[in-house]
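Descriptive structure summary
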Amino acid sequence: MSPIDLRPTGTSSEAACERALAAIADVAPLNAVLTVTDARARAAATAIDALPDAERARLPLAGVPIAIKDNICARGTRTTAGSRMLDRFVAPYDATVVQRLDAAGAVIVAKTNCDEFAMGSSNENSAFGPVRNPWDHARTPGGSSGGSGALVASGAVDIALGSDTGGSIRQPASFCGIVGLKPTYGRVSRYGLVAYGSSLDQIGPMTRTVRQAGHVLAVLAGPDPLDATTVAAPPFEVPGAEVSVRGLRVGVPRALLASGVAEDVQASVEQALALMVAGGATLHDVELPHAAHAIPTYYLVATAEASANLARYDGVRFGHRAPAGTFTDLASMYAASRTEGFGDEVIRRILLGTYVLSAGYYDAYYRKAQQVRTLITRDYEQAFASVDVVAMPTAPTTAFRLGEKVEDPLQMYLADVFTVSANLSGLPAISVPCGLDGHGLPVGLQLTAPAFAETQLLQAAAAYEDARGSFPMPGRA
């Protein structure tokens, strides 16, 4: 299916837009949306319908409703990054990905809820309340792109954008039973993305199918003079109608998966691997010896970068300013404004990042983390010398209950144990639904490929998806 097929033949862009806006209103109890961009959406839909047929046919996303995570700037719209610090911020410009969506004919209908400054694994850190999983409203949709994941899973839209710093596209995709793609670092511009960890952040699509994800990535990808970390990478191919895993070498890090994975998750992933073998793929044990250190490495690197990136929110240059009378001088104004504007998890990460960058601790912590990061990257390079993709669960469990891990940050951080390595090494990775657990909750299969090998990553994922068959939506199992 091409994204253009998401709008039934003969349906106008305006009709598709109104249908999406109505669906978003219907799923309001999920708290997945922070801002409905109805005026912008209607104007875009009307403009698309006014185009000549031949010109409209050339637009790859003509009239397709899309939601974007609320840490991506869209001109004239409120962009909060899920934080009180940016509660009243209206973006004065479009992110590069928004410009490219507009140029492709997409209709942006909503900004989605997210963990504050993309810091979280459950979407419970949003200043505007948690998002609820459409499969079970008592459970998390995952984070930090939980709003985008929940909105796609609910059927309100078929495509949304998220951002992935340590698994924030793939983990909610797993919890919500949809596809989530993190491109290679540098494949997609970060210009206009509210920064969390600049060497880790990457924007990507969350969709119903692998091919949809590929088509959206094709629109987003490419170098950007406004983002020096983008590269002129070789183009990739979106999977065609006929794809196969025959001859695909799939690496499985058995040692890494030996403990800590829920039985239902392990069983679903093994069934997915068996289906790939039946299609002609071969399984190979691979060693990722330093992956066990990925979580502490990630939280040292990410918090250090967050500490630097969030220093700009001081109540003077950017962000919330404490009311007059609550401070006496510049230093106390900074302190009051940041204390009021930031939530507990953001403060925790800023403090940790400032600590590891401080004199006397930089070499012991931050420099050491960067060294281990290099070792993790080399582990994958060695694995890819003998396999085409590496397969593992996206997350060690299915969606957990809201509030279940809030008081235990370490357990919350471990939800990303299988996803953070792709960010540390800059590799492309995708989560595809591969089954349901005993509670009827989705399980995700994660595939990781070499840098800029999106072609083989998407083809492998699409071939598995074809062999698996259709996946249920919430309430339709």
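This section reports on the structure supplied with the text. Here the structure is a predicted model, which is why all the values come from computation and not from measurement. (Residues numbered from 1 in each chain as written. Predicted model: local features only at pLDDT ≥ 70, side-chain atom pairs only at ≥ 80, totals over all residues. Heavy atoms only, no water.)

**A word on the environment of Phe471**
To keep it simple, the criterion reads: Only DSSP runs of H or I with at least four residues qualify as helices, and only runs of E with at least two residues qualify as strands; both kinds are numbered from the N terminus onward. For every residue, the accessible area (1.4 Å probe, protein chains only) is compared with the maximum for its type, and the residue is labelled buried under 20%, exposed over 50%, or partly exposed between those bounds. We call two residues in contact whenever any of their non-hydrogen atoms come within 4.5 Å of each other.
Of note, Phe471 is situated in the segment after α15 (454–468). Judged by relative accessible area, which is 16%, Phe471 ranks as buried. Taking the C-alpha atoms as reference, Phe471 lies 34 Å from His290; in sequence the two are 181 residues apart. Residue contacts for Phe471: discarding those within four places in its chain leaves Trp135, Gly177, Arg208, Pro433, Cys434, Gly435, Leu436 and Pro442.

**A short note on the sheet that holds strand β10 (residues 429–436)**
So the rule is basically this: Paired strands, in this sense, are two strands between which DSSP finds at least two bridges. Every axis corresponds to a line fitted to the C-alpha atoms, with the helix fit spanning only the stretch in contact, and the corresponding angles, defined between N-to-C directions, vary from 0 to 180 degrees.
The sheet built from eleven strands is open, its strands ordered β1-β3-β2-β4-β6-β5-β10-β11-β9-β7-β8 with mixed pairing. Edge positions in the open sheet fall to β1 (33–36) and β8 (282–285), since each of these has one partner strand only. Neighbour to neighbour, the strand axes of the sheet diverge by 30° on average, direction disregarded. Here strand β2 (residues 65–69) pairs with strand β3 (residues 107–112) via five bridges, running parallel. Directly across from Ile66, in β3, lies its bridge partner Ile108.

**A few points about the pairing of strand β5 (residues 179–182)**
Consecutive side chains of a regular strand alternate in pointing toward one face of the sheet and then the other. A two-sided burial pattern is seen for β5, the buried positions comprising Val179 and Leu181 on one face and Gly180 and Lys182 on the other. Note that β5 and strand β6 (residues 203–207) share two bridges and pair antiparallel. By the bridge assignment, Gly180 is partnered in β6 with Met206. The pairing of β5 with β10 spans three bridges and is antiparallel. Residue pairing across strands places Gly180 opposite Ser431, the latter belonging to β10.

**Let's talk about the environment of Ala255**
Counting through the fold element by element, Ala255 comes out in the loop between β7 (249–252) and α8 (263–278). Given a relative accessible area of 58%, Ala255 falls into the exposed group. Distance from Ala255 to Glu124, taken between C-alpha atoms, is 32 Å for residues 131 residues apart in sequence.

**A short note on the packing of aromatic side chains**
Let me state the cut-off plainly: Ring pairs are drawn from Phe, Tyr and Trp, using the six-membered ring of Trp, whenever the two centres fall within 6.5 Å, and their geometry is named by plane angle: stacked under 30 degrees, edge-to-face over 60, tilted for the rest. Here, a charge over a ring is recorded when the distance from Lys NZ or Arg CZ to the ring centre is within 6 Å and its angle to the ring normal is within 35 degrees.
Under the criterion given, the structure shown has 14 aromatic pairs. An angle of 65° between the planes, with centres 6.3 Å apart, marks the rings of Tyr313 and Phe318 as edge-to-face. Residue Tyr313 is classed as buried on the basis of its relative accessible area, which comes to 7%. Phe318 gets classed as partly exposed once you look at its relative accessible area, which sits at 44%. Ring geometry for Tyr362 and Tyr366: centres 5.3 Å apart, planes at 45°, overall tilted. Here the residue Tyr362 and the residue Tyr366 both occupy positions in helix α12 (residues 362–383), the gap between them amounting to four residues, near one helical turn. A network of ring pairs unites the aromatic residues Phe117, Tyr313, Phe318 and Phe342 as a single cluster. Here the basic side chain of Lys405 rests over the ring of Phe400, its NZ or CZ set 4.4 Å away from the ring centre.

**Concerning helix α2 (residues 38–49)**
What counts, and what does not: Each residue after the first adds 1.5 Å to the expected span of a helix. Summarising the geometry, the arc corresponds to the directions from the helix axis toward the C-beta atoms.
An ideal rise of 1.5 Å per residue puts 16 Å on twelve residues; α2 measures up with 16 Å between its terminal C-alpha atoms. All of the buried residues along α2 are Ala41, Ala45 and Ile48. Summarising the axial view, the buried residues of α2 lie within an arc of 65°, below the 170-degree limit, and thus occupy one face. Tucked into the core, α2 has its buried residues touching α1 (13–26), α3 (53–57) and β3.

**Description of the pattern of salt bridges**
As a reminder of what qualifies: Salt-bridge detection follows one rule: a side-chain nitrogen of Lys or Arg within 4 Å of a carboxyl oxygen of Asp or Glu.
Here the structure, examined in full by the defined rule, presents 20 salt bridges. Where Asp94 meets Arg40, a salt bridge forms, and the shortest distance between an N and an O atom there is 3.4 Å. Placement of the pair is Asp94 in the loop between β2 and α4 (96–103) and Arg40 in helix α2, with a sequence separation of 54 residues. Using a relative accessible area of 11% as the deciding quantity, one classes Asp94 as buried.

**Observations regarding α15**
Along its 15 residues, α15 runs 21 Å from first to last C-alpha, staying within 8% of the 21 Å computed at 1.5 Å per residue. If you check which residues of α15 are buried, you get Glu454, Leu457, Leu458, Ala460, Ala461, Ala462, Ala463, Tyr464 and Glu465. Where the residues of α15 are buried, they touch β5, α7 (210–220), α8, β9 (389–393), β10 and β11 (442–448). Just downstream of α15, Gly469 is the residue with a positive phi angle, here 90°.

**Here we look at a nonpolar patch on the surface**
To be explicit about the condition: Patches draw on residues past 30% relative accessible area with no salt bridge. Two like charges within 9 Å are joined, as are two nonpolar side chains (Val, Leu, Ile, Met, Phe, Trp, Tyr) within 5 Å. Note on areas: Shrake-Rupley, 1.4 Å probe, and residue coverage restricted to the protein chains presented here.
On the surface, a cluster of nonpolar side chains totalling about 340 Å² of accessible area is made up of Leu352, Tyr355, Tyr361 and Tyr365. Tracing the sequence through the fold places Tyr365 in helix α12. A residue is classified by how much of its surface remains accessible, and Tyr365, at 34% relative accessible area, is partly exposed.

**Focus: the packing of α7 against α15**
This is how the line gets drawn: Every angle not falling under 35 degrees, over 145, or within 65 to 115 is termed oblique; those three ranges are roughly parallel, roughly antiparallel and roughly perpendicular. Each residue is assigned to one of three groups, with Ala, Val, Leu, Ile, Met, Phe, Trp, Tyr, Cys and Pro labelled nonpolar, Asp, Glu, Lys and Arg labelled charged, and all others, Gly among them, labelled polar.
For the pair α7 and α15, interaxial distance at closest approach is 9 Å and the crossing angle is 155°. On the basis of their axis angle, the class for α7 and α15 is roughly antiparallel. Across from Val210, Arg211, Gly214 and Leu217 in α7, the residues of α15 making contact are Glu454, Leu458, Ala461, Ala462, Glu465 and Asp466. Along the lines of polarity and charge, the residues of the contact of α7 with α15 split into five nonpolar, one polar and four charged.

**Observations regarding the packing of helix α9 (residues 294–309) against α12**
Note the following rule: Handedness of a crossing is defined here by the sense of rotation of the near helix relative to the far one, left-handed for an anticlockwise turn of less than a right angle and right-handed for a clockwise turn.
Between α9 and α12, the least distance of the axes is 9 Å, while the angle of their chain directions is 125°. Compared by their axis directions, α9 and α12 come out oblique. Here the hand of the crossing between α9 and α12 comes out left-handed. Contacts between α9 and α12 involve Ala294, Thr297, Leu300, Val301, Ala304 and Glu305 from the former and Tyr365, Tyr366, Ala369, Gln370, Val372, Arg373 and Ile376 from the latter. Split by residue class, the contact of α9 with α12 holds nine nonpolar, two polar and two charged.

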